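Observations on the three-dimensional arrangement
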Amino acid sequence: MVVHAVVDSPVGRLTLVARGGVLAGLYLPEHRHRPALETFGERDASPFGEVVAQLEEYFAGRRTVFDLPLAMTGTPFQRTVWDALKEIPHGETTSYGELAARIGRPTAPRAVGLANGRNPVSIIVPCHRVVGSTGGLTGYGGGIERKRALLAFERGELSW
């Protein structure tokens, strides 16, 4: 069973999606690879209590690591990239090339970038922490300004 809820955050309204009671999606407004709304099921906030609590702690600056079960659907390669994203420390960044090397695919930074862009659980699986090889901000499913704000927040340069 798939259900969803919409919650407010400092970076805009977040759409949370659960499959079988487990978080499967967190989409920002105007998210580039956001699935169609009709795939999100009925509106039901009941499975999202802990998700919302941890997001509130994160945006308050009291949480740097999320501890939630996830039901992310993707290819084996995408899931490998998404798992590696969870290892990037709060307040730090890595490049697509560095991430590719970290997963044992040093010649695949473009494929890593594509998988990163398909991450269905933004913020919690921190795809915003991946930058270009020169440190510049590259694409972000939720928009470059949100990526810039999340990184500044995590570096202590911005508070909500």
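Before any of the text, the structure's been laid out above.
Not measured: the values here are computed from a predicted model.

The pairing of strands in a sheet comes from backbone hydrogen bonds and takes either a parallel or an antiparallel form. Taken in spatial order, the four strands make up an open sheet running 3-2-1-4, and their pairing is mixed. Each having just a single partner strand, strand 3 (22–27) and strand 4 (42–43) make up the two edges of the open sheet. Relative to strand 4, strand 1 (residues 2–7) runs parallel, the two sharing two bridges. Within strand 4, the residue paired with H4 across the bridge is R43. Across the face of the sheet, helix 1 (residues 49–59) comes into contact with strand 1, strand 2 (14–19) and strand 3 while running at roughly 145° to strand 2.

This part covers unusual backbone geometry. Unusually for a residue other than glycine, E30 sits at a positive phi of about 55°. Assignment of secondary structure puts E30 in the loop between strand 3 and strand 4. Using a relative accessible area of 66% as the deciding quantity, one classes E30 as exposed. Positive phi is not limited to glycine here, since I123 has a value of about 70°. Here I123 shows up in the loop between helix 4 (109–117) and strand 6 (130–131).

Our next topic: the pairing of strand 3. Counting buried residues along strand 3, five of its six residues qualify, which places the element largely inside the surrounding structure. Here strand 2 runs beside strand 3; their pairing, made up of five bridges, is antiparallel. In the sheet register, T15 faces strand 3, and the bridge partner there is Y27.

Here we come to the pairing of strand 1. Direction of pairing for strand 1 relative to strand 2: antiparallel, over a ladder of six bridges. Bridge pairing in strand 2 places V2 opposite R19. Between strand 1 and strand 2, which follow one another and run antiparallel, lie six residues, and G12 among them has a positive phi close to 115°.

Moving on, we come to the packing of helix 2 (residues 76–85) against helix 4. Two elements in contact, helix 2 and helix 4, have axes separated by 9 Å at closest approach and are oriented at 80°. When the axes of helix 2 and helix 4 are compared, the pair comes out roughly perpendicular. Contacts from F77, Q78, V81, W82 and L85 of helix 2 reach helix 4 at A111, V112, A115 and N116. Broken down by class, the residue content of the contact of helix 2 with helix 4 amounts to seven nonpolar, two polar and no charged.

Let's shift gears to helix 5 (residues 144–154). Taken across its 11 residues, helix 5 has eight buried, putting it largely inside the fold. Of the residues making up helix 5, those classed as buried are R146, K147, A149, L150, L151, A152, F153 and E154. One or two residues past the end of helix 5 sits G156, with phi positive at roughly 80°.

Another aspect to go through is the side chain of T15. Within the secondary structure, T15 is located in strand 2. Take T15: its relative accessible area is 4%, and that puts it in the buried class. There is a polar contact of 2.9 Å between the side chain of T15 and the side chain of R34. Apart from residues lying up to four places away in sequence, T15 is in contact with H4, A5, V6, G25, L26, Y27, R34 and F40.

Here we come to the pattern of salt bridges. Here the structure, examined in full by the defined rule, presents seven salt bridges. Close ionic contact of R63 with E57 constitutes a salt bridge, the shortest N to O distance being 2.8 Å. Residue classification places E57 among the partly exposed positions, given a relative accessible area of 26%. In this structure, K86 engages D83 in a salt bridge whose closest nitrogen and oxygen atoms are separated by 3.3 Å. According to the relative accessible area criterion, D83 is partly exposed, its value standing at 44%.

What counts and what doesn't
Residues numbered from 1 in each chain as written. Predicted model: local features only at pLDDT ≥ 70, side-chain atom pairs only at ≥ 80, totals over all residues. Heavy atoms only, no water. Pairing = 2+ DSSP bridges. Helix = DSSP H or I, 4+ residues; strand = E, 2+ residues; numbered from the N terminus. Contact = heavy atoms within 4.5 Å. Axes fitted to C-alpha atoms, helices over the stretch in contact; angles between N-to-C directions. Buried < 20%, exposed > 50% of the residue type's maximum accessible area, 1.4 Å probe, protein only. Parallel < 35°, antiparallel > 145°, perpendicular 65-115°, else oblique. Nonpolar A, V, L, I, M, F, W, Y, C, P; charged D, E, K, R; others polar. Polar contact = N/O pair within 3.5 Å; in protein donor to acceptor, adjacent residues only side chain to side chain. Salt bridge = Lys/Arg side-chain N within 4 Å of Asp/Glu carboxyl O.

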